Structure formats: C-alpha cells, structure tokens
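# Observations on the three-dimensional arrangement
In case you want the letters, here they are:
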Amino acid sequence: MTPSSDKATLSFSDGAPSVELPIYKGSVGPDVIDIRKLYAQTGKFTYDPGFLSTASCNSAITYIDGDKGELLYRGYPIEQIAVHCDYLETCYLILYGELPDAAQKAAFTARITQHTMVHEQMQFFLRGFRRDAHPMAVLTGLVGAMSAFYPDSINVNDPHQRDISAIRLIAKMPTLVAMAYKYNAGQPYMYPQNKLSYAANYMRMMFATPCDDYVPNPVIERALDRIFILHADHEQNASTSTVRLCASSGTNPFAAIAAGVACLWGPAHGGANEACLNMLDEIQAQGGVASIGKFIEQVKDKNSSVRLMGFGHRVYKNYDPRAKLMRETCHEVLDALGLHDDPLFKLAMTLEKIALEDDYFIQRKLYPNVDFYSGIVQKAIGIPVSLFTANFALARTVGWIAQLNEMLTDPEYKIGRPRQLFTGAARRDVKPMAQRG
Ligand code: ACO
C-alpha cells in the first residue's frame with residue numbers, strides 16, 4: 001500500500017469538525033480511503049452492507065477490472081493463463097506469486113501427487129452421511145473433518161504447516177469429491193493414480209470402475225482443467241471473504257476452507273451452475289425453446305423472484321472474461337461429443353442469444369457469467385448436476401488457501417469484526433409475566 005499525497009476530507013452538516021482521511025494507492029485499480037480511525041475521531045461508523053464500496057484487505061493475488069472485463073492472476077491475464085498453463089502451474093502461481101520453471105513445476109506436481117490419497121478412515125466418516133445427501137453438504141463435512149485427520153498441520157502460526165495444509169487441500173479435494181460421488185452412486189471408490197494429470201486423475205476417480213480400463217478423453221481432460229483454471233481465484237468474493245473472516249480468529253485452515261465451501265454452495269455464488277442447469281431443465285419441461293419468451297417475461301417481472309441463473313455479476317459489468325473462455329470450451333466439448341443437437345444444449349444457446357439481445361439485460365449490463373457455460377460443459381461431460389458446485393469448490397481451494405496465507409502474513413491483519421447500525425429496541429426492563437402482552 002502506497003500512501004498518496006492526496007487526502008479525503010469528510011465534513012458534517014451538524015457543525016462537527018471535519019476529519020482528514022489518508023488515501024492509499026494500489027498498483028492498479030481504485031485508491032482506498034483509510035477509515036480505520038474514523039470511529040475514534042468521530043464516534044461514527046461507515047455503512048456498506050454487501051461491501052459495495054469497501055476494500056476489506058490489501059491483496060497481491062488477483063485483480064479484476066469489472067468495467068474492462070479483465071481478470072489477472074498475479075498480473076497475468078486469464079486469457080494467457082488458460083491457453084499457456086495447466087491447473088497445477090496456475091496453483092503454483094497463485095500460491096507462490098510466480099509461474100514455475102520446468103524443475104519447479106515437476107517438484108510441485110510430485111508434491112501434489114504424493115498427497116492425493118486420503119486417510120483410509122475417511123471412508124468410514126463418509127459412511128455416516130445419507131447416500132442421497134447433497135455433495136456440498138458432504139464436502140463441507142469432509143473438508144472440516146480434515147482438521148481431525150491431519151492434526152499435524154493445523155497450526156496456522158507455523159508457515160511450514162500452512163504450506164503442508166495447502167498442498168494437502170489441493171491434492172485431496174479431487175479425491176474427496178470423487179469419493180462423495182461414488183458413495184452416492186453406490187460404486188467402489190477408485191484410488192488416485194499419480195501418473196495421470198490432475199484433471200485426468202479426477203475423471204478416472206469419478207468415472208472409472210475396477211472392472212474396466214479407463215482412458216481419459218483428452219478434450220474432456222482439457223475442458224476440466226480449464227474449468228479448474230477459470231475458477232482458481234477471484235479476489236474478495238463471498239466465499240473467499242468468508243474464509244478470511246473465519247481464519248482471522250486463528251482457526252485452522254481446514255475449518256476456514258470448510259466455511260468457504262459452505263458459502264460457495266449458495267445459488268447467488270457457486271451454486272449458480274447447478275441452479276442454471278435446473279432452470280434449463282425446468283424450461284425444457286415447460287415446452288423448451290418455445291417457452292423461453294414466457295420465462296424471460298417472468299424474469300423481467302418485478303413481482304416475481306425468478307432470475308436468469310448464470311447471468312449477471314457483482315463486479316463484471318461489461319463481460320465476464322472467464323465466460324468467454326468457457327464458451328469456447330463449451331463449443332469444443334459439444335463438438336467433440338456430438339452434442340450440438342441435444343435439446344437441452346440447443347435450449348441453452350437459444351436462451352443465451354435471446355437474453356443478449358434483450359433490452360432488460362443490456363440496460364442492466366447482465367451478461368452470461370462463467371457458471372452459465374461451466375454448467376453446460378459439466379453436464380455434457382456426464383458430471384451429475386448436484387456435483388457442479390463441488391467441482392467449483394475443488395478448483396477454488398487454491399485461491400482460498402492462498403488468500404488465507406496472505407492474510408496471516410499481513411502485518412495489518414486483525415480479527416474481522418464488522419460493526420452495525422442498531423435499529424432494535426433501546427434498553428428496557430423485563431416485566432413480570434402477568435404484566436406482559
Ligand atoms: N436475472 C434477472 N435480473 C437480474 C439478474 C439475473 N440473473 N441479475 C441481476 N438482475 C437485475 C436485478 O433485478 C436488478 O434489477 P433492478 O435494477 O431493476 O432492480 C439489477 O439487475 C441489479 O441486480 P443486483 O441484484 O443489484 O446485482 P448484484 O450485483 O447484487 O448481484 C448476482 C449479482 C448475485 C450475481 C446477480 O446478478 C444474480 O443473482 N445472478 C444470478 C445468479 C448467478 O448466476 N450467480 C453467479 C455469479 S458468478 C459466480 O459466483 C462465479
């Protein structure tokens with residue numbers, strides 16, 4: 001953070017003395033006004049529900065320019081990373097700040113693959129869940145339970161333990177998600193196979209059975225790797241802020257990441273990919289392409305709570321650069337699998353076209369977000385809809401852990417403790433029962 005020579009002056013119409021507030025400059029993006037001493041100086045809080053104008057931390061990991069539709073991981077544009085790097089290189093970049101050279105990449109990949117197995121007893125813990133439990137419910141539990149299975153890496157004040165936890169989380173998430181899926185499907189768990197790529201190993205753990213050889217389809221492997229890259233980090237979104245807030249109490253990384261998983265589950269965030277596919281199924285059931293007009297009318301109706309899932313973003317008000325890349329992958333996968341004529345995919349493409357030309361969406365700057373296309377890709381690949389958000393969690397784990405580590409090494413970090421504007425009853429006395437009502 002670089003202090004600026006500019007200052008902000010806050011004046012009050014009630015005659016209270018004005019206060020001067022420092023301004024800091026980042027490397028790119030908006031400056032921030034430092035209001036930390038505001039309460040001490042004025043007795044007033046600021047009010048910003050939803051963090052519309054509030055920077056909650058300083059960070060050097062991911063930069064987004066929502067108006068330009070730009071996303072940078074450690075300074076590198078997502079368009080270049082998606083084409084020139086694989087997911088594990090991206091993880092290295094996000095975690096350690098620089099892209100790996102060949103030797104660093106080989107060493108990092110070896111470290112990750114050495115940690116892909118989970119404690120054998122985890123399967124007994126998993127068995128405690130109902131078979132039909134939602135994968136995100138199961139994953140929240142499994143990730144939280146890692147603090148019980150790996151107690152030797154939960155001291156957040158030890159950088160070595162934090163690094164081991166990061167490696168364990170990145171390595172084991174695919175194994176855990178695949179186990180949750182296999183348990184639900186009633187199929188035997190498939191142990192990881194370390195000679196495969198990160199994405200191919202995950203596909204094998206999901207789709208293979210011990211009865212047959214499994215040969216990963218390279219188009220699908222690339223598509224999955226791209227989904228992981230595009231979801232790896234996204235600065236201070238709801239789940240990342242949840243992880244930071246949770247970890248700010250000094251709790252262990254597994255507990256904090258479990259909180260992130262729980263937050264991601266919501267349909268306004270990572271749950272949008274699942275909600276989007278459910279929406280497409282519903283439109284399909286009501287008549288398919290012919291009923292899109294009626295559905296769009298419902299979305300525009302102020303009295304209905306229906307939203308076009310997979311459209312809109314809090315930060316991107318031009319387009320979501322991840323959506324552009326995911327759209328490319330979507331067409332590649334539909335071509336490779338010969339699914340362009342599948343009624344559900346035709347419906348999605350028609351809906352996309354209609355919404356992009358509709359004034360309601362244009363005026364509000366609502367464009368398809370990454371989840372609109374990632375849901376379609378995952379459905380085409382054969383991933384069950386209820387597992388979409390778990391895949392998002394798998395990919396975002398590196399971002400969560402990198403942000404958590406960054407926070408813990410920031411000398412400015414304090415336990416997160418927002419304040420409030422209280423609107424409830426002022427102090428009053430408890431009346432005896434007979435006098436109440
Ligand atoms: N469909 C219809 N109308 C919408 C949509 C949508 N998907 N999104 C926003 N709007 C409308 C709102 O009704 C509002 O209209 P108004 O100005 O007439 O009242 C206006 O656009 C602004 O919407 P807000 O809710 O204020 O925007 P906000 O930034 O708070 O919300 C969000 C962003 C939550 C992503 C929203 O666009 C949404 O619910 N989208 C659908 C869910 C989704 O796809 N989420 C995934 C996000 S990406 C991710 O997590 C990876």
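One can find the structure itself at the top, above this paragraph.
Below is a summary of the structure that appears in this document.

Thresholds applied
Residues numbered from 1 in each chain as written. Predicted model: local features only at pLDDT ≥ 70, side-chain atom pairs only at ≥ 80, totals over all residues. Heavy atoms only, no water. Pairing = 2+ DSSP bridges. Helix = DSSP H or I, 4+ residues; strand = E, 2+ residues; numbered from the N terminus. Salt bridge = Lys/Arg side-chain N within 4 Å of Asp/Glu carboxyl O. Buried < 20%, exposed > 50% of the residue type's maximum accessible area, 1.4 Å probe, protein only. Contact = heavy atoms within 4.5 Å. Expected span 1.5 Å × (residues − 1). Bend = angle between axes of the 7 residues up to and from the residue. Polar contact = N/O pair within 3.5 Å; in protein donor to acceptor, adjacent residues only side chain to side chain. Phe/Tyr/Trp six-rings, centres within 6.5 Å; stacked < 30°, edge-to-face > 60°.

### Some details on the sheet that holds strand 3 (residues 32-33)
Read across the open sheet, the 3 strands follow the order 1-2-3; overall the sheet is antiparallel. Only two strands of the sheet have a single neighbouring strand rather than two, namely strand 1 (2-10) and strand 3. When strand 1 meets strand 2 (residues 19-25), the two strands line up antiparallel, connected through 6 bridges. Bridged to Ala-8 within strand 2 is Leu-21.

### As for the pattern of salt bridges
Under the defined criterion, the tally for this structure stands at 18 salt bridges. Residue Arg-327 is joined to Glu-352 by a salt bridge in which the shortest nitrogen-to-oxygen separation is 2.6 Å. In this pair, Arg-327 is assigned in helix 14 (residues 321-336) and Glu-352 in helix 15 (residues 343-357), connecting sequence segments 25 residues apart. Taken together, the salt bridges that share partners define one network made up of Asp-34, Arg-36 and Glu-412.

### Section: the pairing of strand 4 (residues 62-65)
Side chains on a regular strand alternate between the two faces of the sheet. Residues Thr-62 and Ile-64 point to one face of strand 4 and Tyr-63 and Asp-65 to the other, with burial holding for every one of them. In this sheet, strand 5 (residues 70-73) lies alongside strand 4 in antiparallel orientation, the contact comprising 4 bridges. Its bridge partner being in strand 5, Thr-62 is matched across the sheet by Tyr-73. Remark: 4 residues form the turn of the hairpin made by strand 4 and strand 5, two consecutive strands paired antiparallel; Gly-69 in that turn has positive phi of roughly 70 degrees.

### A closer look at the environment of Met-122
Position of Met-122 relative to the elements: it lies in helix 5 (residues 122-126). For the pair Met-122 and Ala-145, spaced 23 residues apart in sequence, the C-alpha to C-alpha distance is 8.6 Å. Those residues in contact with Met-122 that lie beyond four places of it in its chain are Leu-142, Ala-145, Met-146, Phe-149 and Leu-176.

### Some points on helix 7 (residues 159-185)
Under the 1.5 Å per step criterion, the end-to-end length of helix 7 is 39 Å for 27 residues, consistent within 8% with the ideal 39 Å. Its axis deflected by about 40 degrees at Lys-172, helix 7 carries its strongest bend there, up to four residues before the proline Pro-174. The N-capping residue of helix 7, defined by a side-chain oxygen 2.9 Å from the backbone nitrogen of His-160, is Asp-158. Where helix 7 terminates, the next one or two residues include Gly-186, which has phi positive at roughly 75 degrees.

### So, the packing of aromatic side chains
What the rule picks out here adds up to 15 aromatic pairs. Centroid distance Tyr-360 to Phe-361: 5.0 Å. Interplanar angle 75 degrees. Geometry classified as edge-to-face. A relative accessible area of 2% means that Phe-361 is categorised as buried. Grouping aromatic residues by their ring pairs yields a cluster made of Phe-311, Tyr-360, Phe-361, Phe-372 and Tyr-373.

### Re the sheet that holds strand 4
With antiparallel pairing, 3 strands are arranged side by side in an open sheet as 4-5-6. The open sheet has two edge strands, strand 4 and strand 6 (76-77), and neither has a second partner.

### Considering the side chain of Arg-322
Tracing the chain through its elements places Arg-322 in helix 14. Contact partners of Arg-322, with chain neighbours within four places excluded, come to Leu-71, Leu-230, His-234, His-313, Tyr-316, Val-370 and Arg-396.

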